[in-house]
Amino acid sequence: MSVLAPCPCSGILDAARPRTERSLVGRLDPRTRVVLAVLFALTVVTVASLSALVLALAAAVTLAVLARLAPRQTLRRMLALEGFMLVVLALLPFTVPGRILAEPLGFAVSAEGLRQAAVIGLRANAVAVALMALVGSLEVVALGRALSRLGAPERLVHLFLFTIRYLEVLEREYRRLRLAMRARAFRPTCGPHCWRSIGYLFGMLMVRSLERAERIDAAMRCRGFTGRFPLLDDDEPQRPGALDWGFGAVSCLALALVAGLGA
Amino acid sequence: MPVEGARLVARKPSERRLAPAIEDKNIMAHIPDGVLSNPVLLAGTVVSVAGVAFGLRGLDPVRIPKVAVLSAVLFVASLVHFPAGLSSVHLLLNGLAGIVLGWAVFPAMLVALLLQAVLFGFGGLVVLGVNTMDMAVPALLAGGLFRLLWRDGCSQGRAAVLGAVAGGGAVLATAVMVALVLALSGREFETAARLVVVTHLPVMVVEAAFTAAAVSLLARVKPELLARQP
C-alpha cells in the first residue's frame, strides 16, 4: 500500500500493474493486437462476398469471446450503429436498381439493394466488434505505447496520452461546474438560453483547463521535461513471444480464408 | 436530464478504462467501415495524413499539454447532448476547435476519432482518414476565417457573431463533406447524402448559439487564446 490514498481515477496511467486473470487476447502483446486489428479491417473492407463477410463476423465474435468482452454490452454496441447509417441501410433497398422483390406501398425493393445493405451492415459490425475485442480491451496507455513502438509520430502519441489523461480530469471539472449551475436552478431546456449557458460553461471549462495546462507545463519544465517521456517501467520492449506468433499465424490464416472466399 | 453527458470514469475502479455512460447515444457524422468506395477512402487518408503531418510539425512539444487539454474539453463537450426540439443533438464542435487549435486540429481530431472508434465503436478504422478530413478541414477553414476577421480588442458582440458564423458554418461544411463523400461512393447513396445535410441543420443552429457564447466568453476572459494558436 502506498502512503497516498488510492484514487480510483489515477489508475488510468497505471498500466504496468499486471491483471490477476487475463484472457487469451489479454495476454497478447499490444502491438500484435493493433496490427491484427488493422489487417482485419483492411481485409474486411476489400471483401464483398456475403459468405466471406459472415465468416469475418464469426471471426470477430470469436475474438470477442476470447477477449471476454461483456456479451450484452457488445451486442448493444453492435446494434447501435449510428443513427444516420441505419437510415442509409434502410434506404438502400429502395435506391439501388435491380431485380424487384416486392413493392410495399408502391416503392420497389430490389434484391441488389438488400444485398448491399447486408454487406455494409456485416462489414461495419465485423470491424467494430474486432476493434473492440482487440484494441478496445486494451488499456489506453498501453495502446499509446504500442502505437509509439509501431512507428507512430512521437508527438502524436504524446498528444494521445495527454488527452486521455485530461479526459478524466476535465470530466470531473465539468461535473463540478454543472453542479454549480444546478445549484442556481439551471435546467436544460430547448432554447437559446440553455445553449448559451452551456456555451459559457464550456468556455469557462476551456479557460480553467488552459490555466491548469499552464501550471502543468511549468511543473513539467521544473522536472526537466524536454518533449520526451522516459518510460521507467518497460523501456526494453519485450520481443513477441510464441503466443503472439501463433495467434498471428492463425489469424492470418483466417484472414486469408476470408479473402479467398471473397475473391 | 438531457445535459448529463460524459461519464468517462470506469464504474469499477479495477476496470481502468474509459467507459461511456451513453453508449446508446450516437455521435453524428462518423461513417463506419464498409460504406465508402476505395478511391474515396484513399483520398481521405491522403488528405488526413498530410494535414496531421503538417499539424504535428508546427506543434512545439511544450505546447502539447495545452493542445491536449483543449482537445479533451472538446471531446467531453461533444459527448453532451442538447435538447433541440423533440429530440436531442450532439455537437460536433469543430468550429470552436478550429478557432482555438489552428492546424493542431488535425492531430487532435485524429486522436479524438481514434478514441471514439476504439472505446465506443463509433466510426471505423479504415475510414479514420475520411472522418478526420470531414471534421478537420471545415474546422481549419472556420478557424482561418475567424482569425482573419478578429482583431485584439474587438467588441464582444463581434466575437459572438464571428463565433456563430464559424461554429454553424463548420457544422454545415462537415455535413456537406459527409454528403459528398457518400455521394461520390455510389449513386445509391444520394438520397442518404441529402438526408445527412437536412439532419444536421438543427445541430447547426444549436452549435452556432453555443459557439457564439463560448467565443464571447473567451474574448472577455482570455482574449490571447483567440488571437494566436495556443
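Residues numbered from 1 in each chain as written. Chains lettered and ligands numbered in written order. Predicted model: local features only at pLDDT ≥ 70, side-chain atom pairs only at ≥ 80, totals over all residues. Heavy atoms only, no water.

> Sorry, what's going on with the overall build of chain B here?
Helix and strand counts for chain B stand at 8 helices and 2 strands. Sequence-ordered secondary structure for chain B, helices as α and strands as β, is α-α-β-β-α-α-α-α-α-α. A buried classification covers 63% of the 230 residues belonging to chain B. A separation of at least 24 residues holds for 76% of the contacts in chain B among residues at least 6 apart in sequence. With the model as given, the accessible surface of chain B reaches about 7800 Å², and the carbon-plus-sulfur share is 67%. (Helix = DSSP H or I, 4+ residues; strand = E, 2+ residues; numbered from the N terminus. Buried < 20%, exposed > 50% of the residue type's maximum accessible area, 1.4 Å probe, protein only. Contact = heavy atoms within 4.5 Å. Areas by Shrake-Rupley, 256 points an atom, 1.4 Å probe, with all protein chains shown as cover.)

> I'm lost on the pattern of salt bridges in this one. Help?
A side chain of one charge can pair with a side chain of the opposite charge when the charged atoms of the two come close. All names here are of chain A. Taken as a whole and judged by the stated rule, the model has 10 salt bridges over all chains. Arg212 is the salt-bridge partner of Glu173, the closest N and O atoms lying 3.4 Å from each other. Of this pair, Glu173 sits in helix H8 (residues 154-183) while Arg212 sits in helix H9 (residues 192-222), placing them 39 residues apart in sequence. The partner of Arg221 in a salt bridge is Asp217, with the nearest N and O atoms 3.3 Å apart. Placement of both Arg221 and Asp217 in helix H9 is noted, with a separation of 4 residues, approximately one turn of the helix. One continuous salt-bridge network, built from bridges that share partners, spans Glu173, Arg176, Arg208 and Arg212. (Salt bridge = Lys/Arg side-chain N within 4 Å of Asp/Glu carboxyl O.)

> Explain the nonpolar core here, please?
Grouped together as the largest cluster of nonpolar side chains are 151 residues, with contacts concentrated most on A:Phe160, A:Phe202, B:Leu36, B:Leu101 and B:Leu115. Element by element, the count of residues in this core is highest for helix H4 (residues 105-120) of chain B, at 14 residues. Each of domain 1 (26-141 + 242-262) and domain 2 (149-222) of chain A contributes no fewer than three residues to this core. When neighbours within four sequence positions are excluded, B:Leu36 is seen to be in contact with B:Ile31, B:Leu41, B:Val127, B:Val130, B:Val181, B:Leu182 and B:Ser185. (Core = buried A, V, L, I, M, F, W, Y, C linked by side-chain atoms within 4.5 Å. Domains from an automatic or database assignment.)

> What is the right way to look at the packing of helix H1 (residues 38-57) of chain B against H4(B) in this model?
In helix packing, the relevant descriptors are the interaxial angle and the interaxial distance, both defined with respect to the helix axes. Residues and elements named next belong to chain B. Contact geometry of H1 with H4 gives a least axis separation of 7 Å together with a crossing angle of 120 degrees. As the angle between them shows, H1 and H4 are arranged oblique. In contact with Val47, Ser48, Gly51, Val52, Gly55 and Leu56 of H1, H4 contributes Phe106, Pro107 and Leu110. Split by residue class, the contact of H1 with H4 holds 6 nonpolar, 3 polar and no charged. (Axes fitted to C-alpha atoms, helices over the stretch in contact; angles between N-to-C directions. Parallel < 35°, antiparallel > 145°, perpendicular 65-115°, else oblique. Nonpolar A, V, L, I, M, F, W, Y, C, P; charged D, E, K, R; others polar.)

> Whenever I open this one, the packing of H4(B) against helix H5 (residues 128-149) of chain B confuses me. Can you help?
Residues and elements named next belong to chain B. One can describe the packing of H4 onto H5 by two numbers: an axis separation of 9 Å at closest approach and a directional angle of 140 degrees. It follows from the interaxial angle that H4 and H5 lie oblique. As H4 packs across H5, the resulting crossing turns out to be right-handed. Here H4 contributes Val105, Phe106, Met109, Leu110, Leu113 and Leu114 to the contact with H5, which in turn contributes Leu128, Asn131, Thr132, Met135, Ala136, Val137, Ala139 and Leu140. (Left-handed = near helix turned anticlockwise from the far one by under 90°.)

> What should I look at first to understand the packing of aromatic side chains in this one?
Pairs of aromatic rings are described using the distance from one ring centre to the other and the angle between the two planes. A full pass over the atoms with the stated rule returns 6 aromatic pairs over all chains. For the ring pair B:Phe54 and B:Trp103, a centre distance of 4.6 Å and an interplane angle of 65 degrees mean the geometry is edge-to-face. Here B:Phe54 is found in helix H1, whereas its partner B:Trp103 is found in the loop between helix H3 (94-101) and H4, with 49 residues between them in sequence. By way of ring pairs, the aromatic residues A:Tyr174, A:Phe202 and B:Phe210 are connected into one cluster. (Phe/Tyr/Trp six-rings, centres within 6.5 Å; stacked < 30°, edge-to-face > 60°.)

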